Amino acid sequence: PDLDGEIRTTGVRSSVVIERDDLGVPTISASNRLDMVFGLGFVHGQDRFFQMDLRRRLAAGELAALMGPGLLNQDKHLRRLRLRHTASLALAGLPADQRALAEAYAKGVNAGLASLGSRPPEYWVLRTRPKPWQPEDTLLAVLAMSLGLLPPPLDRVDTVLRGELG
């Protein structure tokens, strides 16, 4: 990502400042919580979009569409859990201020991804394009993290994220 300069974007009420130290660790400053969450999403979209995409697709049972038919059986099993539907219901049930945070984060992720000028390299290798981040995708990513705590055969799904397919 281009880490220097100024980017003008929609989705924030006032300026958001993202500074990175010599190791690339960001510090985000904003005058309000929604703009700060947008900035966090922006940084995540620049730095971690592919990993985030894997998490949301894992929980939703949509990895085969990205990584190939070898994951169809796993996807079928995970789709029975209906976690995408659960995430959508959970988002809809949030109080308006919390839903606004999820929406600001998603806007920030998408703005960060768009700021790259080119899709992340993993998508070039897979010959596909990233799909925009949706507010419910954040909840899906959290659900994906909990899948590793489940008993077999679901405990094996996290091996996809560690690159241990086999």
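Worth saying up front: this structure is predicted, and the values here are computed from it rather than measured. (Residues numbered from 1 in each chain as written. Predicted model: local features only at pLDDT ≥ 70, side-chain atom pairs only at ≥ 80, totals over all residues. Heavy atoms only, no water.)

Tell me about the nonpolar core, and name the residues and values.
Formed by 27 residues in total, the largest nonpolar core has its most connected members in Phe49, Leu58, Tyr105, Val109, Trp133 and Leu140. Looking at this core, the elements that each hand over two or more residues are α2 (49-60), α3 (64-67), α5 (83-93), α6 (96-114) and α8 (135-147). It is α2 that provides the largest number of residues to this core, a total of seven residues. Setting aside residues up to four positions removed in sequence, tyrosine 105 forms contacts with Val37, Leu40, Gly41, His44, Met52, Trp133 and Thr138. (Core = buried A, V, L, I, M, F, W, Y, C linked by side-chain atoms within 4.5 Å. Buried < 20%, exposed > 50% of the residue type's maximum accessible area, 1.4 Å probe, protein only. Helix = DSSP H or I, 4+ residues; strand = E, 2+ residues; numbered from the N terminus. Contact = heavy atoms within 4.5 Å.)

Talk me through the packing of α5 against α8; I want residue IDs and the actual numbers.
Viewed as axis vectors pointing N to C, α5 and α8 meet at an angle of 125°, and their least axial separation amounts to 9 Å. In terms of their interaxial angle, α5 and α8 are classed as oblique. Between α5 and α8 lies a crossing whose hand is right-handed. Contacts from Leu83, Arg84, Ala87, Ser88, Ala90 and Leu91 of α5 reach α8 at Pro135, Glu136, Asp137, Leu139, Leu140, Leu143 and Leu147. Each residue belonging to the contact of α5 with α8 can be placed in one class, and the counts come to nine nonpolar, one polar and three charged. (Axes fitted to C-alpha atoms, helices over the stretch in contact; angles between N-to-C directions. Parallel < 35°, antiparallel > 145°, perpendicular 65-115°, else oblique. Left-handed = near helix turned anticlockwise from the far one by under 90°. Nonpolar A, V, L, I, M, F, W, Y, C, P; charged D, E, K, R; others polar.)

I'd like to hear about unusual backbone geometry, residue by residue, with values.
Non-glycine residue arginine 82 carries a positive phi angle of around 55°. Mapped onto the elements, arginine 82 comes out in the loop between α4 (72-79) and α5. With relative accessibility at 49%, the residue arginine 82 sits in the partly exposed group. Of note in the backbone geometry, arginine 127 takes a positive phi value of approximately 55° without being a glycine. Topologically, arginine 127 is positioned in the loop between α7 (121-125) and α8. Assessed through its relative accessible area of 75%, arginine 127 is described here as exposed.

Describe the side chain of aspartate 53, naming the residues involved and giving the relevant values.
Along the polypeptide, aspartate 53 turns up in helix α2. Reaching out from aspartate 53, the side chain makes a polar contact with the side chain of tyrosine 123 at a distance of 2.5 Å. If we skip the residues at most four places from it in the chain, aspartate 53 touches Leu66, Tyr123 and Trp133. (Polar contact = N/O pair within 3.5 Å; in protein donor to acceptor, adjacent residues only side chain to side chain.)

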